2 protein chains.
Amino acid sequence: MDEEELKAEQRVLLDVLTAYYHYEDFARRDIVLSKRAKYESLTFEEQQLLPWFHDYLANLEMCVRMNGEFMRQVAVTVAPSWGIVSSPDTWGSAQYQDYDKVRYVMKQIVREWSSEGCEERCTGLERIMGVLGREFPDFEQRSKARVLVPGAGLGRLNHELVKMGFWCQGNEFSYHMLLASNYILNCTRMANEHSIFPFIHSTSNQYSRSLQTRPIFFPDAHPLTELQMIQKDHPTTDFADLMSIASGSFTDLYGPEDLSESQTYSKEKFAMEFRQENANSFDCVVTHFFIDTSSNVIEYLKTLNHCLKPGALWINYGPLLWHYEDDGAVYEIKHPDQTVHNAPVRGLELSAEDLLSLSSNWFELIHRESGIESGYSSDVRAMGGYKYRCEFWVLKKKLQS
Amino acid sequence: MDEEELKAEQRVLLDVLTAYYHYEDFARRDIVLSKRAKYESLTFEEQQLLPWFHDYLANLEMCVRMNGEFMRQVAVTVAPSWGIVSSPDTWGSAQYQDYDKVRYVMKQIVREWSSEGCEERCTGLERIMGVLGREFPDFEQRSKARVLVPGAGLGRLNHELVKMGFWCQGNEFSYHMLLASNYILNCTRMANEHSIFPFIHSTSNQYSRSLQTRPIFFPDAHPLTELQMIQKDHPTTDFADLMSIASGSFTDLYGPEDLSESQTYSKEKFAMEFRQENANSFDCVVTHFFIDTSSNVIEYLKTLNHCLKPGALWINYGPLLWHYEDDGAVYEIKHPDQTVHNAPVRGLELSAEDLLSLSSNWFELIHRESGIESGYSSDVRAMGGYKYRCEFWVLKKKLQS
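Please read these numbers as outputs of a predicted model, since none were measured by experiment. (Residues numbered from 1 in each chain as written. Chains lettered and ligands numbered in written order. Predicted model: local features only at pLDDT ≥ 70, side-chain atom pairs only at ≥ 80, totals over all residues. Heavy atoms only, no water.)

**Q** Looking at this model, I keep getting lost on the overall build of chain A. Mind explaining?
**A** Of the regular secondary structure elements, chain A holds 15 helices and eleven strands. For chain A, the spread of C-alpha atoms along the principal axes amounts to about 75 × 55 × 45 Å. Considering only contacts in chain A between residues 6 or more positions apart, those separated by 24 or more positions represent 74%. For chain A, the exposed surface amounts to about 16700 Å²; the carbon and sulfur share of it is 51%. (Helix = DSSP H or I, 4+ residues; strand = E, 2+ residues; numbered from the N terminus. Contact = heavy atoms within 4.5 Å. Areas by Shrake-Rupley, 256 points an atom, 1.4 Å probe, with all protein chains shown as cover.)

Rendered as structure tokens:
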């Protein structure tokens, strides 16, 4: 990365840290102040019909304060890991979407690190862990198997695979996720140490006020304690060495040399070297609610092919909710032949059949299960939520393609 | 309405008609052109990996043209019913959201008037019709029972209640819905006369291209034929007289005299007279996926109380996905005491318990069923969709409140 790119990268990090640090003000405006203003605009007689409203606002205010306290703690605790030692007040200027994503981090905490998230989380995780367990039956040999999890989020799947004895690298692009996963994996001290109130940001489809303001305790399992326990049974395995997180885009860090240059794929020296090291080096890549984050899924498939060993596994679980389907933006890409093109972000949203057929250029389909009902970051006690009918695929990289 | 308000109202109508008339161009840009541009920005080698792409674009183009033909037909057929005789080219200038809602009309057609929509639609409709059938067991007496359906959409529930012999008024605020319901109820000639391709607008969560471009035939039941058939068995009932649609806001047309004046509640002479006529005049109001369209649900409850006869029924089915929860707008309201206030649109999103407790000021709860799983305008053959856990309530207006 040249100096300018480094600065831009740090700017993004500082904005995200700022959004964590000042989340409380955002949340107060978003939830408490708008509700109070609405209440005050009602007629006196209408107000009398809602005798509970003031207590409700006080409750929400308390939840906002406790969420804010936790988010500040994350920011100041993990900032030094990224070399940030300046005072929070000088960090940056977060935009609405930076704050909005902090809300999303809380929902992700529920999904990955709470007992309420267990049912939703386990539908996919159990299938993935089942395949890996059967393919690598000998625990002591697993530390030699290299597993990659792009879109690692808050690291729960990573942690579970490390507990199984695998060498597992998480890969994540979003600083929002990286900050929180760093905190949860490395800085929590015991199970259920923290509580947050993730549901205060939605008042729709609530059965009751008390459900909206209920706390979620996390982490439901304390990562370090769990690893210490397992260490006793497997004294020769160095668990501390098994877990790593690589920050950056999947194609940039693990792709082949001939992709088109773009915002997420560079010819920068560090990236080129890292990609080279990763060629034919993984025994399994798990894409878990990830494959649809691509704006050009062909590049994801080429990246999977590039970093997997011949005959190694690609395990996929998730829907095809293409993240950029509604994104009207255009970005510049440079083809390997050096021609420059304006590429619309959206437009290459494939169907499941088309994606599998495209995959057959590099992979052999071993197992497919369709229509597995799964939520994602949903409030299981609300009056509804998005339900995916997920696809579960196990594919093997062809020996020769 | 004074002349200025009339003009503004007609402007809105003309914009919606324009969106119907020029939907094809919008859809082509939205779907075909963006996909073609994306394809053309790929490297030649990437393009070779998608040998089916040109045929796919041609298929989408055909679907867009057929959808466009139908939408133009709706616009030019029903425009005269609203006194619009000018040429489509002079109608108006639709905005993105006007076009976007035409997409939504197609999904609503699937829900209300296709056999694919039957399962989703019937979960609520059967419960509602069940209660009304039991409360009014004598078919020949039902034409004296006045039923109101606010948020009537494309009129299917209305039509089903008229088939049961009830006098039923639909009430709808959206011209998008009014145009299409007018066309389907009055201008179709037989069952399954038309086909549209509602799913081309979403490429996410598709199992296959062919499902994305599948047609939906409608209306699955031809309204006029059905009524003619029933007429034979009930020669004394004048079915043509049983159905009506009132255009406007629920509170403006059916509310009490003392609500706050706003964009959706006026002191205009016609509205005041219509409200007066409707006082204590309905035997049942059915709110079906409607109650959460309010920005101040107290006004909806007062309106229900105002237009129902003492002891009459309020039947509610749906979730609480408050439509204005994320709307940051502020509007001016004038309280009955003539003071003027700036009211945030959002902020009064109640939980189910709070809404029921508020309702008890005017209503007695007779029956409640919770957690009824229902989709709404979802593509049942896609890899997922929103699933509500609906509430079904039957309440009776108190004899004295």
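And the narrative resumes.
**Q** Please clarify how the environment of Pro198 of chain A should be interpreted in this entry.
**A** All names here are of chain A. With respect to the helices, strands and loops of the structure, Pro198 is situated in the loop between β3 (194-196) and α9 (209-212). Each C-alpha atom, one on Pro198 and one on Cys63, is 8.9 Å from the other, the two residues being 135 residues apart in sequence. Not counting chain neighbours up to four residues away, the residues in contact with Pro198 comprise Met106, Val110, Arg214 and Ile216.

**Q** Quick question: what am I supposed to make of the relation of the copies chain B and chain A here?
**A** Relative to chain A, chain B is turned by 180° and slid 0.0 Å along the rotation axis, the superposed coordinates differing by an RMSD of 0.0 Å. One copy is carried onto the other by what is essentially a two-fold rotation axis. The position closest to the rotation axis in chain B is occupied by the C-alpha of Tyr386 of chain B, lying 2.0 Å away. Take the interface residues of chain B: 100% of them recur as interface residues in chain A, which is what a same-surface contact looks like. (Least-squares fit on C-alpha atoms with pLDDT ≥ 70 in both.)

**Q** Is there a simple way to think about the interface of chain B and chain A in this case?
**A** Many descriptions give the size of an interface as the accessible area lost when the pieces come together. Contact with chain B, which involves 70 residues of that partner, is made by 70 residues of chain A. Interface area for chain B against chain A, summed over the two sides, is near 5500 Å², with a carbon-plus-sulfur share of 50%. Contact with chain A buries surface across chain B, with Lys38, Tyr207 and Arg389 of chain B losing the most and accounting together for 13% of the total. Linking chain B with chain A are eight salt bridges. In this structure, Glu349 of chain A and Lys35 of chain B form a salt bridge, with 4.0 Å as the shortest nitrogen-oxygen distance. Linking chain B with chain A are 40 residue pairs in polar contact (both at pLDDT 80 or more), by the criterion used here. When grouped by side-chain class, the residues that make up the side of chain B that touches chain A number 28 nonpolar, 24 polar and 18 charged. Two strands pair when backbone bridges link them, and strand β11 (residues 384-397) of chain A and strand β11 (residues 384-397) of chain B are joined in this way by five bridges, in the antiparallel orientation. Note on β11 of chain B: the bridge partner recorded for Lys387 of chain A is Gly385 of chain B. (Buried area = accessible area lost by both parts, 1.4 Å probe. Salt bridge = Lys/Arg side-chain N within 4 Å of Asp/Glu carboxyl O. Polar contact = N/O pair within 3.5 Å; in protein donor to acceptor, adjacent residues only side chain to side chain. Nonpolar A, V, L, I, M, F, W, Y, C, P; charged D, E, K, R; others polar. Pairing = 2+ DSSP bridges.)

**Q** Help me understand the packing of aromatic side chains, please; the structure alone is not making it clear to me.
**A** Ring pairs (aromatic) are described by centroid distance and by the angle formed between their planes. Taken as a whole and assessed by the stated rule, the structure comprises 53 aromatic pairs over all chains. Geometrically, the ring pair formed by Trp167 of chain A and Phe282 of chain A is tilted, given 6.2 Å between the ring centres and 45° between the ring planes. Of the two residues, Trp167 of chain A is situated in strand β2 (residues 167-172) and Phe282 of chain A in strand β6 (residues 282-288); the sequence distance between them amounts to 115 residues. Measuring from ring centre to ring centre gives 5.8 Å for Phe270 of chain A and Phe274 of chain A, while their planes differ by 25°; the resulting arrangement is stacked. Taken together, the residues span about one helical turn, with Phe270 of chain A and Phe274 of chain A both in helix α13 (residues 269-278) at a distance of four residues. Here Phe270 of chain A falls in the exposed class, since its relative accessible area comes to 52%. The buried category is assigned to Phe274 of chain A, whose relative accessible area is 17%. Put simply, the rings of Phe289, Tyr317, Tyr376, Tyr386, Tyr388 and Phe392 of chain A together with Phe289, Tyr317, Tyr376, Tyr386, Tyr388 and Phe392 of chain B touch in pairs and so form one group of aromatic residues. Between Arg111 of chain A and the ring centre of Phe289 of chain A, over which it is positioned, the NZ or CZ distance is 4.9 Å. (Phe/Tyr/Trp six-rings, centres within 6.5 Å; stacked < 30°, edge-to-face > 60°. Buried < 20%, exposed > 50% of the residue type's maximum accessible area, 1.4 Å probe, protein only. Lys NZ or Arg CZ within 6 Å of the ring centre and 35° of its normal.)

**Q** I'm lost on the state of the cysteines in this one. Help?
**A** Here, the word disulfide means a covalent bond between the sulfur atoms of two cysteines. In this structure the tally under the stated criterion is zero disulfides over all chains. A disulfide-free cysteine, Cys284 of chain A has its sulfur positioned 8.9 Å from the sulfur of Cys168 of chain A, the nearest such atom. (Disulfide = S-S within 2.5 Å.)

**Q** Can you help me understand the packing of helix α1 (residues 3-21) of chain B against helix α9 (residues 175-187) of chain B in this one?
**A** Between two packed helices, both the angle of their axes relative to each other and the distance between the axes serve to describe the pair. Residues and elements named next belong to chain B. Contact pair α1 / α9: the axes reach a minimum separation of 9 Å and the direction vectors enclose 60°. One element, α1, and the other, α9, form an angle in the oblique class. Viewed along their axes, α1 and α9 form a crossing whose handedness is right-handed. On α9, the residues that touch Glu9, Val12, Leu13, Val16, Leu17, Ala19 and Tyr20 of α1 are Tyr175, His176, Leu179 and Ala180. Classifying every residue of the contact of α1 with α9 by side-chain character gives nine nonpolar, one polar and one charged. (Axes fitted to C-alpha atoms, helices over the stretch in contact; angles between N-to-C directions. Parallel < 35°, antiparallel > 145°, perpendicular 65-115°, else oblique. Left-handed = near helix turned anticlockwise from the far one by under 90°.)

**Q** I would appreciate a short explanation of the pattern of salt bridges in the present structure.
**A** Oppositely charged side chains can form a pair if their charged atoms are brought close together. All names here are of chain A. This structure, assessed with the given rule, holds 53 salt bridges over all chains. In this structure, Glu160 and Arg156 form a salt bridge, with 2.8 Å as the shortest nitrogen-oxygen distance. One end of the pair, Glu160, and the other, Arg156, are both in helix α7 (residues 156-163), four residues apart, so they sit about a helical turn from each other. Given the relative accessible area of 10%, Glu160 is considered buried.

**Q** Looking at this structure, I do not really get the pairing of strand β9 (residues 340-344) of chain B. What am I missing?
**A** A regular strand places its side chains on the two faces of the sheet in alternate fashion. Residue and element names in this part refer to chain B. Inspection of the sheet shows strand β8 (residues 330-334) paired to β9 by five bridges, in the antiparallel sense. From the neighbouring strand, Ile333 faces β9, where its bridge partner is His341. Linking β8 to β9, which pair antiparallel, is a turn of five residues; within it Gln338 sits at a positive phi near 75°.

**Q** Sorry if this is basic, but what is going on with the packing of helix α8 (residues 156-163) of chain B against helix α11 (residues 223-233) of chain B here?
**A** Residues and elements named next belong to chain B. Two numbers describe how α8 lies on α11: the axes approach to 10 Å, and their chain directions differ by 10°. Looking at the two axes, α8 sits roughly parallel to α11. Side by side, α8 and α11 meet where His159, Val162 and Lys163 of the first sit next to Pro223, Glu226, Leu227 and Ile230 of the second. A breakdown of the residues in the contact of α8 with α11 according to their chemical character gives four nonpolar, one polar and two charged.

**Q** Looking at this structure, I do not really get the pairing of strand β5 (residues 243-247) of chain B. What am I missing?
**A** Residues and elements named next belong to chain B. Because side chains alternate across β5, one face comprises the buried residues Ser244 and Ala246, and the other comprises Met243, Ile245 and Ser247, none of which is buried. Bridge count between strand β2 (residues 167-172) and β5: five bridges; the pairing is parallel. The residue bridging Gly170 from the neighbouring strand is Ile245, located in β5.

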